[in-house]
Amino acid sequence: MEELLRQILSKLDNMEKGFLVFQEETRQRFEQMDGRLTEMNGRLVGLEREMGAVKERLDRMETRLKGVEARLDGVEARLDGVEFRLDGVETELTEVKETLYRVETQLVDDVQILLRKIHEKVEEKSFEMDALNRRLHHAEAAIEQLQSKCDPLSWTCPLLKPVQQLSLIPV
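Because the structure is a prediction, the values reported are computed rather than measured.

Engineer: How should the overall build of the protein be read in this particular structure?
Structural biologist: Assigned secondary structure in the protein consists of two helices and zero strands. Out of the 171 residues belonging to the protein, those deemed buried represent 1%. Carbon and sulfur atoms form 62% of the exposed surface of the protein, whose accessible area is close to 16600 Å².

Given below as structure tokens:
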């Protein structure tokens, strides 16, 4: 039990020491705060003087702003006129854009149609050229066949006699 009492007394002593330390720290903090408040009071006096100077400057600025405000009223009136004219320009610009879009899309369609027609004509001519090439090939083959039957030394050909008599081909 005595041991328990000693522990309690020891704890109480520790608490008392801690309280004294806390009390001293609190006193120091209050002194610091008091010093800061005094310093801040001095600053506030200086700020009051500066605020007076700022107020004077603001009064002068207010006077100048009234003049600027009057000028801005005139500018606003002119801007209203410009805005009215600008609405007309915007409407016309929208119409131009729509027309340009229509022209672009129609132009693309027209070019595609023309290209399609050109392609069709090219194919048509290609078929005609193929037919002509086949006919030329047949004609060349026929000429070679006829030439093989002709006598190369006399340049006479019994198969061509009826044709030679009708034409100007020398015999």
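On we go.
Engineer: Even after reading the chapter, I still don't get a nonpolar patch on the surface, so can you show me in this structure?
Structural biologist: Residues Met1, Leu4, Leu5, Ile8, Leu9, Leu12 and Met15 make up a contiguous nonpolar surface patch of about 770 Å² in total accessible area. The topology assignment puts isoleucine 8 in helix H1 (residues 2-149). The class for isoleucine 8 is partly exposed, based on a relative accessible area of 42%.

Engineer: What exactly am I supposed to notice about the pattern of salt bridges here?
Structural biologist: Side-chain pairs of opposite charge can arise whenever the charged atoms involved come near each other. Scanning the entire structure with this criterion turns up six salt bridges. Between glutamate 39 and arginine 43 there is a salt bridge; the shortest N-O distance is 2.8 Å. Remark: arginine 43 and glutamate 39 occur in helix H1; sequence separation between them is four residues, near one turn of the helix. For glutamate 39, a relative accessible area of 44% translates into the label partly exposed. Relative accessible area serves as the criterion here: at 53%, arginine 43 is assigned to the exposed category. Measuring nitrogen to oxygen at the nearest pair gives 3.6 Å for the salt bridge that ties aspartate 59 to lysine 55. Here aspartate 59 pairs with lysine 55, and both are found in helix H1, just four residues apart, close to one helical turn. Looking at aspartate 59, the relative accessible area reads 38%, which means it is partly exposed.

Cut-offs applied
- Residues numbered from 1 in each chain as written.
- Predicted model: local features only at pLDDT ≥ 70, side-chain atom pairs only at ≥ 80, totals over all residues.
- Heavy atoms only, no water.
- Helix = DSSP H or I, 4+ residues; strand = E, 2+ residues; numbered from the N terminus.
- Buried < 20%, exposed > 50% of the residue type's maximum accessible area, 1.4 Å probe, protein only.
- Areas by Shrake-Rupley, 256 points an atom, 1.4 Å probe, with all protein chains shown as cover.
- Patch = residues over 30% accessible without salt bridge, like charges linked within 9 Å, V, L, I, M, F, W, Y side chains within 5 Å.
- Salt bridge = Lys/Arg side-chain N within 4 Å of Asp/Glu carboxyl O.

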